[in-house]
Amino acid sequence: MGGPDLNLLFTLDALLQQGSVAGAGRKLGLSPSAMSRALARLRTVTGDPLLVRAGRGLVATPRAEAMRDEVHRLVEDARAVLRPADTVDLYRLDRTFVLRTSDGFAESIGPLLIQQVAEEAPHVRIRFIRKLDKDSAGLREGDIDLETGVVGRAIGPEVRAQSLFVDRYVGVVRAGHPLAKGNMTAERYAEGRHVLVTRQGLDLGGIDGKLDTLGLARTIVTTVDGFAAALALAKGSDLIATVPERHTAGLRGGMTTFTLPVETEPFTISLLWHPRMEGDAAHRWLRQLVRQACETAFRGTPGI
């Protein structure tokens, strides 16, 4: 007895991702009638309707919803296995890579990376998306090619990581701010009005704990979910922003940066990827370019 037709996995993945027979057909280069026949075969094999009519569209059944992520992972794993592992024609490479990074990384590292990509692989596109949490599901599911961040417990144990650079937190104020002159003390820093960057998994080096041991506390005027927003508010007001030094180098132009008056631990920014992409030659090439861009951007800056 023959085994199951594994080509149906690719068809099922396209149908579940697109939620449409026509959309899945366009993705796979098949006609709507061919996709309809394939859907009929899938219904027979699985014993489930998979997609059912709801108004003018289709919705997935509970069985299809339960299968969606596993099917997508299987398809991505199969594609990774079948890709050439050793060489890639960069000039002919036509591919979009998705990089999930904290704001500031794209502004500081992005220009160098984009320039190098354009010189070596003119048909490659880089898509930057904001990192608002430490969930590594996007890497596992193949929606994200590379990610940058601090390796923590929220990162999946299978995820590969390589150090890019060491960073530390600094204080930033607008040009002409009263704190831009004179000796920065813990008292002066705490007495100012602050914009706080807060999101899941973010720890600003234990700053408030260190101030508390001195009997001090910051006055938090407003909160935002990213460093770029914090710097924009500080640039146009008397607020103090506390941000990573190297990470935000491309965002702090025209502002005054000062060393925090309390000691905080430096932290390592790493490049993260899923092991399924370990042997992908194009992916290896891009990882190397990201590392080179970081080295070039921070060459000559003082060590932390």
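Sequence positions are assigned chain by chain, starting from 1 and proceeding in written order. The predicted nature of this model means local features are confined to residues of pLDDT at least 70 and side-chain atom pairs, given and counted, to a pLDDT of 80 or more, with totals for whole chains, interfaces and linings taken over all residues. Hydrogens and water molecules were not included; the side-chain quantities draw on all heavy atoms of the structure.

## Quick notes on the nonpolar core
Residues Phe-97, Trp-285 and Leu-286 are the most contacted members of the largest nonpolar core, which totals 53 residues. By definition, any uninterrupted DSSP run of H or I lasting at least four residues is a helix, any uninterrupted run of E lasting at least two residues is a strand, and each is numbered from the N terminus. Sort the elements by how many residues they give to this core and helix H10 (residues 281-297) lands first, with seven residues. Residue contacts are counted whenever heavy atoms from the two residues lie within 4.5 Å of one another. Excluding residues within four positions of it along the chain, Leu-286 makes contact with Phe-97, Leu-99, Leu-113, Val-117, Ile-126 and Leu-146. For the purposes of this section, nonpolar cores are sets of buried Ala, Val, Leu, Ile, Met, Phe, Trp, Tyr and Cys residues that join through side-chain atoms within 4.5 Å. Any residue under 20% of the maximum accessible area for its type is buried, any over 50% is exposed, and the rest in between are partly exposed; the area is computed with a 1.4 Å probe on protein chains only. In this structure, Leu-16, Leu-42, Ala-64 and Val-71 belong to the second largest nonpolar core, which totals 16 residues.

## What to know about helix H2 (residues 21-28)
For H2, the full list of buried residues reads Val-21, Gly-23, Ala-24 and Gly-25. Next to the buried residues of H2 lie helix H1 (7-18), helix H3 (32-46) and strand S2 (57-60). Polar contact is the term for a pair of N or O atoms within 3.5 Å; when the atoms are in protein, one must be able to donate a hydrogen and the other to accept it, and sequence-neighboring residues count only if both atoms are side-chain atoms. The N-cap of H2, judged by a side-chain oxygen 3.3 Å from the amide nitrogen of Ala-22 a few residues on, is Ser-20. Gly-29 sits one or two positions beyond H2 and adopts a positive phi of about 75°.

## What to know about the pattern of salt bridges
The term salt bridge refers to a side-chain nitrogen of Lys or Arg lying within 4 Å of a carboxyl oxygen of Asp or Glu. Scanning all chains against the criterion turns up 12 salt bridges. Note that Arg-168 and Glu-245 form a salt bridge whose closest N and O atoms lie 2.9 Å from each other. Of the two residues, Arg-168 sits in the loop between strand S6 (160-167) and strand S7 (169-174) while Glu-245 sits in the loop between strand S10 (240-244) and strand S11 (255-259), which places them 77 residues apart along the sequence.

## Considerations on the packing of aromatic side chains
Centre distance within 6.5 Å is the pairing criterion for rings of Phe, Tyr and Trp, where only the six-membered ring of Trp is used; planes under 30 degrees apart are then read as stacked, over 60 as edge-to-face, and the remainder as tilted. For the coordinates displayed, the defined rule picks out two aromatic pairs. A ring pair is formed by Tyr-169 and Phe-267, whose centres lie 5.0 Å apart and whose planes are at 40°; its orientation type is tilted. You can see Tyr-169 sitting in strand S7 and its partner Phe-267 sitting in strand S12 (residues 267-273), a full 98 residues away along the chain. The class for Tyr-169 is buried, based on a relative accessible area of 6%. Centroid distance Tyr-189 to Phe-258: 6.3 Å. Interplanar angle 75°. Geometry classified as edge-to-face. Within this pair, whereas Tyr-189 is found in helix H7 (residues 186-191), its partner Phe-258 is found in strand S11, the two being separated by 69 residues in sequence. The pair Tyr-189 / Phe-258 is uniform in exposure class, with both members buried. Against the face of Trp-273 rests Arg-287, its NZ or CZ located 4.4 Å from the ring centre. For a lysine, the NZ atom is tested; for an arginine, the CZ atom; a charge sits over a ring if that atom is within 6 Å of the ring centre and within 35 degrees of the ring normal.

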